[in-house]
Amino acid sequence: MEIVHIAAECYPVAKVGGLADVVGALPKYQSEAGHLVRVVIPHYDTKFINDNQFDFVYSGFVKLGNFNFPFDILKEKTSILGFELYLVQISELFDRKEVYGYEDDTERFLSFQIACLNWINSRATFPDIIHCHDHHTGLIPFMMQYANKYEKLRNVQTVITIHNAIYQGQFGFDKLYYLPEFDLSKVTVLEWDNKINSLATAIKCASAVSTVSPNFLNEVNNFGYGLESLFNFVRHKSRGILNGIDTEVWNPEQDKMIFANYSIKSVEKGKQQNKEKLCSQFNLDPTKPLFSFIGRLLDEKGADLLPHAAASALSENFRDINILILGSGNAAIENQLSHLVTSFKGNYNFFIGYNEELAHQMYAGSDFLLMPSRVEPCGLNQMYSFRYGTIPIVRRTGGLKDTVTDIGDNGNGICHDQASIVDICYSIQRAVKLYKDKKRFKNIRKIGMTIDHSWERVCQEYIEMYHLKTNMK
Ligand code: ADP
């Protein structure tokens, strides 16, 4: 089967969050399972892209209303990532450091989608599946169905996987003329809440819809960021498939980014070594339990609660704990978290920014990982934590509910129901108690390390979903 994944991110080429991890891993395991897998993302100005070599494959033009953008398709020479990686180079729009956050993001990602289809449409044979990820690729299924120039692609099956339903790629109908000529009787398919909505359009038009955890699929059927009625309507073609993790990249036995490698057998010593190094780097006390947070500093992650929760927990516990935070995002949250560094010197620290290496070191060196998320479609951090023997403390939401069970129910982590300062502090207290009960703590740490979240198993679920669709052709 030939599968083409189209996305905005792919680890290690360009990463902002979990989307990249999935698009860098699922294709690799699908390839290993014997499928021909291609991944297409934009050509950004990133280290991976600058350090690797590419062959020229195709060139064309994207017509976006009155604009005409020349584009090239480049293919990474050696398939170093375990699948064929293709880049869409539209210099004017994508030769930039960041993946998102520009005023012309609508024009950028629409051009990307049109360039992808122009190229695929020019091929002599077509893929079996075009697998789109998130709203940045959400208009592809629509254009394949209704744009005149892509008529040949009409029988190719499409999948939309939703990694995040908050961002929906909305824009006004004043930009309708950007789209290639299509059957105008279908214009309402693009509409949701009086706007063109890329994600809603993908949900309507794709042959199949998946979310990145079963529980998140249930949640969006009740509260779907304005799309709940649509999610209900497409229930028959929807699946919740829990993400896996790349066990080659995230492996404490071989991870080159951490200070000391360890296995389940040597976990106590290994984690202690990693913790001591991390604590000395951040001026923390390695004899106290270390609580970490890694992620985007946004309300959806519950990051707005962190400054008060950290201050209360550190005060309540008479500095018997350490807290280390890695992330960037909302400037007000960043400021509040920075201020705590002087107040709780020796027990608290904060690294502002994105740092892949430090993230690995924190999974390895921490005792507990905080995830007080309001929204978590799947969440990968808790799965990385398990693998590195770090016990997650999570709010029961989305994929966190699917993957973490409270220790009170013979589980593997600590759970709370509310995204509140009180709930976070109470969970930290429970964790401190657990930490002091060394035998139980070590046992729970080991239970987490034995969980199988590998992609090998998950990737089969995607293949089954594709088969159901291709058989219906
Ligand atoms: P989301 O995609 O919503 O951000 P996920 O839990 O699915 O959340 O994935 C987050 C991924 O991004 C993980 O690989 C995590 O380690 C990584 N990450 C998030 N913030 C940072 C950061 N500041 N530095 C390094 N890695 C980060």
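My aim in this report is to walk through the structure given alongside it, one point at a time.

The rules we used
- Residues numbered from 1 in each chain as written.
- Predicted model: local features only at pLDDT ≥ 70, side-chain atom pairs only at ≥ 80, totals over all residues.
- Heavy atoms only, no water.
- Helix = DSSP H or I, 4+ residues; strand = E, 2+ residues; numbered from the N terminus.
- Buried < 20%, exposed > 50% of the residue type's maximum accessible area, 1.4 Å probe, protein only.
- Polar contact = N/O pair within 3.5 Å; in protein donor to acceptor, adjacent residues only side chain to side chain.
- Pairing = 2+ DSSP bridges.
- Axes fitted to C-alpha atoms, helices over the stretch in contact; angles between N-to-C directions.
- Contact = heavy atoms within 4.5 Å.
- Salt bridge = Lys/Arg side-chain N within 4 Å of Asp/Glu carboxyl O.
- Parallel < 35°, antiparallel > 145°, perpendicular 65-115°, else oblique.
- Nonpolar A, V, L, I, M, F, W, Y, C, P; charged D, E, K, R; others polar.

Our next topic: the environment of D452. Structurally, D452 can be placed in the loop between α16 (438-449) and α17 (455-471). Taking relative accessible area as the criterion, D452 reaches 43% and is therefore assigned partly exposed. Sequence separation between D452 and L117 is 335 residues, and the spatial gap between their C-alpha atoms is 37 Å. One polar contact links D452 to S454, side chain to side chain, over a distance of 2.7 Å.

Our next topic: the sheet that holds strand β4 (residues 67-76). Sheet architecture is open: 9 strands sit in the order β3-β4-β5-β2-β1-β6-β7-β11-β12, paired in mixed fashion. If you trace the sheet from one side to the other, it starts and ends with β3 (54-64) and β12 (238-240), each paired once. Across this sheet, the average inter-strand angle for adjacent strands is 20°, counted without regard to direction. In the packing of helix α6 (residues 198-205) onto the sheet, the strands contacted are β7 (157-162) and β11 (208-211), and the crossing angle to β7 comes to about 135°.

Read across the open sheet, the 6 strands follow the order β15-β14-β13-β16-β17-β18; overall the sheet is parallel. A single partner strand is all that each edge strand has here, and the edge strands are β15 (348-352) and β18 (414-416). Geometrically, the sheet is characterised by an average inter-axis angle of 15° between neighbouring strands, direction not taken into account. Bridge analysis of strand β14 (residues 322-329) against β15 gives 5 bridges, and the strand direction is parallel.

Attention now moves to the pattern of salt bridges. Oppositely charged side chains can pair when the atoms bearing their charge come close. The final tally for this structure, using the stated rule, is 22 salt bridges. Put simply, D367 and K275 hold a salt bridge, and the shortest N to O gap is 2.7 Å. Separated by 92 residues along the polypeptide, D367 in the loop between α12 (356-365) and β16 (368-371) and K275 in helix α9 (residues 267-281) bring together distant segments of the chain. No difference in accessibility class separates D367 from K275, as the two residues are buried. Several salt bridges converge on common partners, so that one network encompasses E2, R38, E84 and R123.

A few words on the packing of α9 against α16. Orientation of α9 relative to α16, taken along the N-to-C sense of each, is 95°, at an axis distance of 11 Å. It follows from the interaxial angle that α9 and α16 lie roughly perpendicular. Mapping the contact onto sequence places V267, E268 and K271 in α9 and K442, R445, K446 and M449 in α16. Here the residues of the contact of α9 with α16 are counted per class, giving 2 nonpolar, no polar and 5 charged.

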